[in-house]
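Listed below are the residues making up each chain.
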Amino acid sequence: MKIDWWTLALQAINAIVLLWLLAHFFFRPVAAMVEQRKQETERNLSDAEAKRSAAKKELEAAEADRKAIADARAAALDKVGKEAAKRKEELLEAAREEAEKALKAGKADLDHMRKNAEQESERRAANLAVTMAQRLLARLPADALISPFLPGFADALATLSDEAKTELARQKGRILTPRALTAAERKDLDERLSKALGKKPSFAVETDPAVIAGLEWQSGHVRVRNSFRADLERIATDVSRE
C-alpha cells in the first residue's frame, strides 16, 4: 500500500482549518451560549430558591398568624365560656335567693294569716263567751243587780287620789245603773259616796241595761266602774291578749 503524503498533508491541513473554523465560528459561540444559558439557569434557580424561601417564610408567617388567630379564638371562647358559666351561676344564685325570699315571705304571710285567723277565732270565742255571760247574768233577780255592788263601788272611790276625789266632788257626774234605784238603794249610795269622798257629791243616776249589774261613775276625766259589763270587757281583753 502506497501512502500519498501530499494528500495526507492536505487533509491534515483541511482538518486543522476545519477545526479552527469550528472552534472560532461554532464552538466558541456555542460555549458562550451554553455559558449564558448556564448563567441564566443559575439565575433562574437562584430566583426560584429566593421565591421558594420567600414563599416558605410567607407560609410560616401565615401559619403563625393562623395559629395566633386560633389561639386567640380559643382564648376568647374559653373566656366567653367562663363568663357564661359565671353568669349562669350568678343567675342561679339570684334565682335561689329570690325563691328563698319568696318562700320566707310566703311563710311569713301564711304565719301572719294563721295568727290573724287564730286571733279572730279567739276574739269571736271571747265575744261569744261574753255574750253568753251577759245573757246568763241578765237573769239575775232585780235585788241582786245593785246592792251587792255598792260596797265595792264605794271602796273603789275611796282608793282614788285626793285630786280625783276633789274632781268628783266638784263636778256633777253620771252614775249608770242597770235599772232605776229604789229609795233605799239611793240613800245607801249617797251615804257611801259621802263617806268615800268626804262630802256629798252631785250626780245624776241614769239607767243603762248594758251595765248588766253594778254601777259605773263618769265625771270629767275620772271613771269608776264596778259592774259586770266592766268585768266582762276586762275578761274579753285578757283572753284576746293571751
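Up top you'll find the structure we're talking about.
Take the overall build of the protein chain next. What the protein chain contains, in helices and strands, is five helices and four strands. The C-alpha atoms of the protein chain give a radius of gyration of 66 Å, which is well past the 18 Å a tight globule of 242 residues would have. Expressed along its principal axes, the backbone C-alpha trace of the protein chain runs to roughly 210 × 40 × 20 Å. Buried positions account for 19% of the 242 residues belonging to the protein chain. Counting only contacts in the protein chain whose residues sit at least 6 apart along the sequence, the fraction spanning at least 24 positions is 72%. Split by element, the accessible area of the protein chain, about 18200 Å² in all, is 59% carbon and sulfur.

With that settled, the discussion passes to unusual backbone geometry. Of note, the phi angle at Ile-212 is positive, near 70°, even though the residue is not glycine. Its place among the elements puts Ile-212 in the loop between β2 (203-207) and β3 (214-219). Look at Ile-212 and you get buried, because its relative accessible area is 10%.

Take the pairing of β2 next. One ladder, built from five bridges, connects strand β1 (residues 173-177) with β2; its direction is parallel. Bridge assignment links Gly-173 to a residue of β2, and that residue is Phe-203. A crossover links β1 with its parallel partner β2, the connecting element being helix α4 (residues 183-197), and its sense is right-handed.

Among the secondary structure elements, Asp-111 is positioned in helix α1 (residues 5-137). A polar side-chain atom of Asp-111 sits 2.9 Å from a polar atom in the side chain of Arg-114.

Further remarks concern α4. When the terminal C-alpha atoms of α4 are compared, their 21 Å separation across 15 residues agrees well with the 21 Å that a helix rising 1.5 Å per residue should span. Residues of α4 that are buried sit in contact with α2 (150-158), α3 (162-170), β1, β2 and β3.

In this section: the nonpolar core. Phe-153, Leu-157, Ile-175, Leu-189, Leu-193, Leu-215 and Trp-217 are the most contacted members of the largest nonpolar core, which totals 21 residues. Elements with a contribution of two residues or more to this core: α2, α3, α4, β3 and β4 (222-227). Residues contacting Phe-153, with those up to four places away along its chain left out, are Ile-175, Leu-189, Leu-193, Leu-215, Glu-216, Trp-217, Val-224 and Asn-226.

This brings us to the side chain of Lys-165. Tracing the sequence through the fold places Lys-165 in helix α3. Buried charge without a salt bridge: Lys-165, with Asp-162 as the nearest opposite-charge side chain at an N-O distance of 4.7 Å. In this view, Lys-165 contacts Leu-157, Ala-158, Leu-160, Ala-196 and Leu-197; residues no more than four positions away in its chain are not counted.

Definitions and cut-offs
Residues numbered from 1 in each chain as written. Predicted model: local features only at pLDDT ≥ 70, side-chain atom pairs only at ≥ 80, totals over all residues. Heavy atoms only, no water. Helix = DSSP H or I, 4+ residues; strand = E, 2+ residues; numbered from the N terminus. Rg over C-alpha atoms; globule rule 2.2 N^0.38 Å. Buried < 20%, exposed > 50% of the residue type's maximum accessible area, 1.4 Å probe, protein only. Contact = heavy atoms within 4.5 Å. Areas by Shrake-Rupley, 256 points an atom, 1.4 Å probe, with all protein chains shown as cover. Pairing = 2+ DSSP bridges. Right-handed = clockwise from strand over helix to strand, strands pointing away. Polar contact = N/O pair within 3.5 Å; in protein donor to acceptor, adjacent residues only side chain to side chain. Expected span 1.5 Å × (residues − 1). Core = buried A, V, L, I, M, F, W, Y, C linked by side-chain atoms within 4.5 Å. Lys, Arg positive; Asp, Glu negative; His and termini not counted. Salt bridge = Lys/Arg side-chain N within 4 Å of Asp/Glu carboxyl O.

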